[in-house]
Amino acid sequence: MKQQPIIEAEGLTKVYEDGHCALDHVSFGVQPGEVFCLLGGNGAGKTTTINIFLGFLPQTEGTAKIHGVDMHADPLEAKKHVAYLSDVVMLYPNFTARQNLDFFARLGGKRNLTKEQYYSVLRQVGLQEMAFEQKLKGFSKGMRQKVGLAIAIIKEAPAIILDEPTSGLDPKAANEFQSMILHLRSQGRAILMSTHDIFRAKEVADTVGIMNDGKMLTIKSRKELEHEDLEKLYLNYIHGKVAA
Amino acid sequence: MWTIIAEKELKEHLQSARFIVTAGISMLLLIASMALGIQHYKGRVAQHDQAIQMMLETAAQQTNWNMVPAAAYRKPDVMEVFVNGVNSDIGRFSEITLMRNVRLVRSEFSDDPMLAVFQFLDPTFVVLIVLSLLAILFTYNAVNGEKESGTLKLVFANGISRAEFILGKLAGGWVALLVPVVLAFLIGGLMLILMGVEMDAAQWGKFGFFVLASVLYFTCFMLIGVLVSAFTGRSSVSFLVLLVLWISAVLIIPKASTMLAGQAMPVATTDEVESRLASFATQARTEFFGGMQQRWRERFRPTEGMKPEEATQYQAENRPAWEKEDQDARQEMEKKIADHTARSYEEYYNQKNRQEQLAFSLAKMSPASMFQLAAMKLAGTDTGLKRRYEDAMKNYRDQYTKFVQQKGGGFGGMRITVGRGSGGSVSMGGSQEGTKIDVGEMPRFQSPQYTLGEALTASLFDLGLLTIFNILAFVGAFIAFLRFDMR
Ligand SMILES: Nc1ncnc2c1ncn2[C@@H]1O[C@H](COP(=O)(O)OP(=O)(O)O)[C@@H](O)[C@H]1O
Ligand SMILES: [Mg+2]
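Residues numbered from 1 in each chain as written. Chains lettered and ligands numbered in written order. Predicted model: local features only at pLDDT ≥ 70, side-chain atom pairs only at ≥ 80, totals over all residues. Heavy atoms only, no water.

Student: Summarise the packing of aromatic side chains; cite the residues concerned and give the values.
Tutor: All names here are of chain B. Scanning all chains against the criterion turns up 35 aromatic pairs over all chains. Judged by centre distance (5.7 Å) and plane angle (85°), the rings of Phe185 and Phe210 are edge-to-face. With a gap of 25 residues between them, Phe185 in helix H8 (residues 162–194) and Phe210 in helix H9 (residues 201–229) connect regions that are remote in the sequence. For the pair Phe185 and Phe210, a shared accessibility class is recorded, and that class is buried. A ring pair is formed by Phe300 and Trp322, whose centres lie 6.2 Å apart and whose planes are at 75°; its orientation type is edge-to-face. Here the residue Phe300 occupies a position in helix H11 (residues 270–300), and Trp322 occupies one in helix H12 (residues 308–363), the gap between them amounting to 22 residues. Residue classification places Phe300 among the partly exposed positions, given a relative accessible area of 31%. For Trp322, a relative accessible area of 7% corresponds to the buried category. Just above the ring of Tyr389 sits the side chain of Arg74; from NZ or CZ to the centre is 6.0 Å. The ring of Tyr349 has Arg387 sitting right over it, with the charged end atom 4.5 Å from the ring centre. (Phe/Tyr/Trp six-rings, centres within 6.5 Å; stacked < 30°, edge-to-face > 60°. Helix = DSSP H or I, 4+ residues; strand = E, 2+ residues; numbered from the N terminus. Buried < 20%, exposed > 50% of the residue type's maximum accessible area, 1.4 Å probe, protein only. Lys NZ or Arg CZ within 6 Å of the ring centre and 35° of its normal.)

Student: Explain the pattern of salt bridges to me, and be specific about the residues and the numbers.
Tutor: By the definition in use, this model includes 31 salt bridges over all chains. Two residues, Glu156 of chain A and Lys110 of chain A, come together in a salt bridge whose shortest N-O distance is 3.3 Å. Residue Glu156 of chain A is located in the loop between helix H5 (141–154) and strand E7 (159–163), and its partner Lys110 of chain A is located in the loop between helix H3 (97–107) and helix H4 (115–124); the two are separated by 46 residues in the primary sequence. Using a relative accessible area of 55% as the deciding quantity, one classes Glu156 of chain A as exposed. A salt bridge links Glu176 of chain A to Lys172 of chain A; the shortest N-O distance between them is 3.1 Å. Of the two residues, Glu176 of chain A and Lys172 of chain A both sit in helix H6 (residues 171–186), 4 residues apart, roughly one turn of that helix. By relative accessible area, which is 28% here, Glu176 of chain A ends up partly exposed. Judged by its relative accessible area of 59%, Lys172 of chain A is exposed. Linked by salt bridges that have partners in common, Lys8, Glu9, Glu12, Glu146 and Lys169 of chain B make up one network. (Salt bridge = Lys/Arg side-chain N within 4 Å of Asp/Glu carboxyl O.)

Student: Run through the domain arrangement of chain A, naming residues and quoting values.
Tutor: All names here are of chain A. Partitioning chain A into domains gives domain 1 (1–81 + 159–244) and domain 2 (91–156). Computed over C-alpha atoms, the centres of domain 1 and domain 2 are 25 Å apart. Domain 1 puts 15 residues into the contact, and the matching count from domain 2 is 11 residues. At the boundary of domain 1 with domain 2, total buried surface from both sides reaches about 1,000 Å², with 64% on carbon and sulfur atoms. It is Phe177, Met180 and Arg189 that lose the most area in domain 1 upon contact with domain 2, and together they represent 38% of the buried surface on that side. Put simply, domain 1 and domain 2 have 1 salt bridge between them. Close ionic contact of Glu176 with Lys146 constitutes a salt bridge, the shortest N to O distance being 2.7 Å. Where domain 1 packs against domain 2, one counts 4 residue pairs in polar contact (both at pLDDT 80 or more). When residues of the side of domain 1 that touches domain 2 are traced back to their parent elements, those giving at least two are E7 and H6. Its residues assigned to classes, the side of domain 1 that touches domain 2 shows 7 nonpolar, 4 polar and 4 charged. (Domains from an automatic or database assignment. Contact = heavy atoms within 4.5 Å. Buried area = accessible area lost by both parts, 1.4 Å probe. Polar contact = N/O pair within 3.5 Å; in protein donor to acceptor, adjacent residues only side chain to side chain. Nonpolar A, V, L, I, M, F, W, Y, C, P; charged D, E, K, R; others polar.)

Student: Account for the nonpolar core, with residues named and values stated.
Tutor: Core analysis: the biggest nonpolar cluster contains 172 residues, and Ile7, Phe28 and Phe53 of chain A together with Val155 of chain B have the highest contact counts within it. Ranked by the residues each element gives to this core, the list is headed by H9 of chain B, at 14 residues. Residues in contact with Val155 of chain B, not counting those within four places in the same chain, are Tyr92, Phe103, Phe104 and Leu107 of chain A together with Ile5, Ile160 and Phe165 of chain B. Counting residues in each nonpolar core, the second largest holds 28 residues, with Ala70, Val86, Val102 and Val439 of chain B among its members. (Core = buried A, V, L, I, M, F, W, Y, C linked by side-chain atoms within 4.5 Å.)

Student: Could you give me a rundown of unusual backbone geometry, with the residues and numbers involved?
Tutor: Residue and element names in this part refer to chain A. Despite not being glycine, Asn112 has its phi angle at roughly 55°, a positive value. Looking at where Asn112 falls in the secondary structure, it is placed in the loop between H3 and H4. On the basis of relative accessible area, Asn112 is assigned to the exposed category, the value being 73%. Backbone geometry at Glu164 places phi at a positive 45°, although glycine is not the residue there.

Student: Any chance you could break down the confidence of the model for chain B for me, citing the residues and the numbers?
Tutor: Residues and elements named next belong to chain B. With 94% of its residues at a pLDDT of 70 or more, chain B has an overall mean of 87. Taken element by element, chain B is modelled with least confidence in helix H4 (residues 113–117), mean pLDDT 71, and with most confidence in H9, mean pLDDT 95. The low-confidence segment residues 411–432 (pLDDT under 50) makes 35 contacts with residues lying over four places distant or belonging to another chain. The complex model carries a pTM of 0.84, and its ipTM stands at 0.93. (pLDDT = per-residue confidence, 0-100.)

This is the structure in structure tokens:
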């Protein structure tokens, strides 16, 4: 039986001002403890979907709900239940890792956390101790990504949305990142992430939604994928053919 | 929520080396300009006192009030420390003689051209140029920079409204800029006290309002910075746009408006006015002497047939009447010249005023001009300074003239015949030849009053404009951000 999804898109459609249809009636849901991968090439509509889910962009049609709250109707309430990691994670270069975390934690409604609590989250995402009180200026992309993930974690939101979180990371960092995602899944969070990396999707996702040109071509569960070659499936789909 | 943003904004600035260095330099410049200003002011005071002392000493050697080199000296005002304004362009004193109109001569710039090069190093200049640049430098990417670094989306992934965010950003950024500025001015105030500069309540009041005007001014640029950064997607674009705006507002508009006003309303220079006055006077005198020759020829005509004794007798009888006639004609001629001079100057000042008004109105498109005008009017170093002193000096000249005449001295030698009262005597003698005059009796020149009330009334309009500009920029920044595309 299916529970009420934490992240839920229904007939999501976006037509940009220039008339370009970036999303065409996309529907999907992400359950607690599920990692849902939006898989698609550049321009498939992944970021557009995510932007709608965070209220950065109004949809043309359809609904985007977080924890049962319509993002468009009540964005301030809906956002309380979602944590986000954007594709660009520069953060505040003049703040230390802990200060960055502190600021976003407070924005997310977590006041009065102790230094130790911040450290514990930073430790959890695998940032080196010595970097906790260092300014982000000198951080590598991987380190900043970890701080970004800590920011997403500390909010303790039931929904986590990540846009291309592993792009630009070296294999080691990407692997570490992946294990963090799986850890969050085990905590029962609903995780929506976009990627154009088929292998990453295959390893981490419980469900993969293949997108192309604004359309959700197919949604496959991990079980279904066990018997199929995702790469082939993907290529077939985006070339308009249905896999045999 | 907005306080979290404000706090972050403030902390982020205070932790940035770039901010610390730039704000520190601005602070130092502000403090240095005040220290230099105080030094300069003290020098001016000493010079002023010495000049008066020397005048009195010379006077004390005289036996006749005619010989006193009377002059009225412009008294330095502490406010020059903050707003030099036209101070250095205007002469420091005027001779007080009946022969010549009151005219302020020997400005600092004319005495020391090097000073003219460095005239700008007063706090007003630092605020005008440096603080506005600082304000722009730290706001040009206030909004679009957060978009570029991805933090905008991260922030708005939380339950915070746009209004709260922009309010917090403005408040935090404002305080960050306010701290070094207010600190610098506090140190400036402290220096005034420690360096033994006497200031009355009105002057402290003017100083306070000057600080307020400075704050209003850089706030304006800060708001414009945020406005532009919320109007453009990329910080490189907003930086360029702001640079162009800054150059126009601070460098071009004030100068261009003066030039435009000069073109639209040409006014003769003082040299032209004076050469015209001189030629008018020459003509009047030529006419006068021509008339006198004519009259004398007429007067002697009846004696042509007379015997010499008869002629002498006739001339002796008529001479007083003839002299009286000449005297009247001369007085009429002098009065004509004096009236014409007064009228010409009046006209000149009126024209100049109108031109100035036009220039100022044009300039007021720029907050830089609003600030400059407000600051000068607050400090009393505006273009009205010359007028105020000349009026006071004219009054003093009248007073002094009366005094000298009472003392039985003619004033200015031969020409005294023009003066009111003393008939036509060309008396050079004081009452008692050989006795030195008592300089204690000499009326002293009193500097024109410029009260805090007057300063505020004069600057109210410009301060008001600046405030309105701030409100508009604030509303603009607010609206621009509400419409900002944060993807
Ligand atoms: N502001 C916009 N105006 C018009 N078209 C846009 C805009 N933003 C994105 N698009 C278009 O929408 C499509 C989907 O973009 P996006 O969601 O960013 O793709 P993805 O993240 O999957 O690479 C692309 O074709 C892109 O060009
Ligand atoms: Mg994308």
